[in-house]
Amino acid sequence: DVKVTQSSRYLVKRTGEKVFLECVQDMDHENMFWYRQDPGLGLRLIYFSYDVKMKEKGDIPEGYSVSREKKERFSLILESASTNQTSMYLCASSLTVPSTDTQYFGPGTRLTVL
Amino acid sequence: AQSVAQPEDQVNVAEGNPLTVKCTYSVSGNPYLFWYVQYPNRGLQFLLKYITGDNLVKGSYGFEAEFNKSQTSFHLKKPSALVSDSALYFCAVRAFGNEKLTFGTGTRLTIIP
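Here the structure is a predicted model, which means the values were calculated and not measured.

Engineer: What is the right way to look at the overall build of chain B in this model?
Structural biologist: A count of helices and strands for chain B gives zero helices and 12 strands. Over its C-alpha atoms, taken along the principal directions, chain B stretches across nearly 45 × 30 × 20 Å. Burial status across chain B gives 46% buried among its 113 residues. By sequence separation, contacts in chain B at least 24 residues apart represent 57% of the contacts at least 6 residues apart. When the accessible surface of chain B is summed, it comes to about 5300 Å², and 50% of that surface belongs to carbon and sulfur atoms. Measuring between centres, the 10 positive side-chain charges of chain B sit 6 Å from its 8 negative side-chain charges.

Next comes the structure, spelled out in structure tokens:
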């Protein structure tokens, strides 16, 4: 089974702090994704990466950056956290690029910014 | 552009009755369609997907979905609902050649004992 893990289930940070969310997958997948989930808005793509050191902006990249130094690890960085970044953050991975490929999700990190 | 609509925020079904969660999509070209389920405080779990071939797709936990090209729909169904099916369900679409997956806003399914 594919396993995608996220470093924290719950996180509370203060406005202006730098926040790191970590995601690790153990199935040698090429692609990794970061989404945020908000009630009534579904999932929205923040960034994705199809290879080590490669990244692409998703639909809502503002206020976020990412890092992929190793194939299995994809980090989401909030440079200066703000209250409107309070959300559930979901990491996903998929084997390759083709449109037919399934994304597998981690358990999520619920981030609260005070 | 690609988009997904889940017209019902909430669906209530009595235990043992058939259930349907609706999804319609819009893409240019061939669509690839997915259903995911999210249990409380959990990530999304993959249920099933339509790529090509038979319009009726069978997935996990007894769920199935029917692809209807003329109505641009991909409704999720189950013949007999269980209380444990209560969860948040997401439909998603990806167009051929597009690496991004677009999700609907989700439908909360509640099965009433």
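Engineer: What is the right way to look at the nonpolar core in this model?
Structural biologist: For soluble globular proteins, nonpolar side chains are generally found buried alongside one another. One finds Leu19, Trp35, Leu47, Leu48, Phe74, Leu76 and Tyr89 of chain B to be the most contacted residues of the largest nonpolar core, which totals 29 residues. When residues of this core are traced back to their parent elements, those giving at least two are β2 (10–14), β3 (19–21), β5 (31–38), β6 (44–50), β8 (64–68), β9 (73–78), β10 (87–95) and β12 (107–112) of chain B. A total of five residues in this core trace back to one element, the largest contributor, which is β10 of chain B. Discounting chain neighbours no more than four positions away, the residues touching leucine 19 of chain B are Val13, Phe63, Leu76, Lys77, Lys78, Ala81, Asp85, Leu109 and Ile111 of chain B. Formed by 20 residues, the second largest nonpolar core is a distinct cluster that contains Cys23, Trp34, Val66 and Tyr89 of chain A.

Engineer: What exactly am I supposed to notice about the sheet that holds strand β3 (residues 19–25) of chain A here?
Structural biologist: Where strands meet in a sheet, backbone hydrogen bonds hold them as pairs that are either parallel or antiparallel. Residues and elements named next belong to chain A. Within the open sheet, the four strands sit side by side as β1-β3-β8-β7. Their pairing is antiparallel. Either end of the sheet is taken by a strand with one partner, and the two such strands are β1 (4–6) and β7 (64–70). For this sheet, the mean angle separating the axes of adjacent strands, direction not counted, is 20°. Of the pairings in the sheet, the one linking β7 to strand β8 (residues 73–78) comprises five bridges and is antiparallel in character. Paired with lysine 70 across the bridge in β8 is arginine 73.

What counts and how
Residues numbered from 1 in each chain as written. Chains lettered and ligands numbered in written order. Predicted model: local features only at pLDDT ≥ 70, side-chain atom pairs only at ≥ 80, totals over all residues. Heavy atoms only, no water. Helix = DSSP H or I, 4+ residues; strand = E, 2+ residues; numbered from the N terminus. Buried < 20%, exposed > 50% of the residue type's maximum accessible area, 1.4 Å probe, protein only. Contact = heavy atoms within 4.5 Å. Areas by Shrake-Rupley, 256 points an atom, 1.4 Å probe, with all protein chains shown as cover. Lys, Arg positive; Asp, Glu negative; His and termini not counted. Charge placed at Lys NZ, Arg CZ, Asp CG, Glu CD. Core = buried A, V, L, I, M, F, W, Y, C linked by side-chain atoms within 4.5 Å. Pairing = 2+ DSSP bridges. Axes fitted to C-alpha atoms, helices over the stretch in contact; angles between N-to-C directions.

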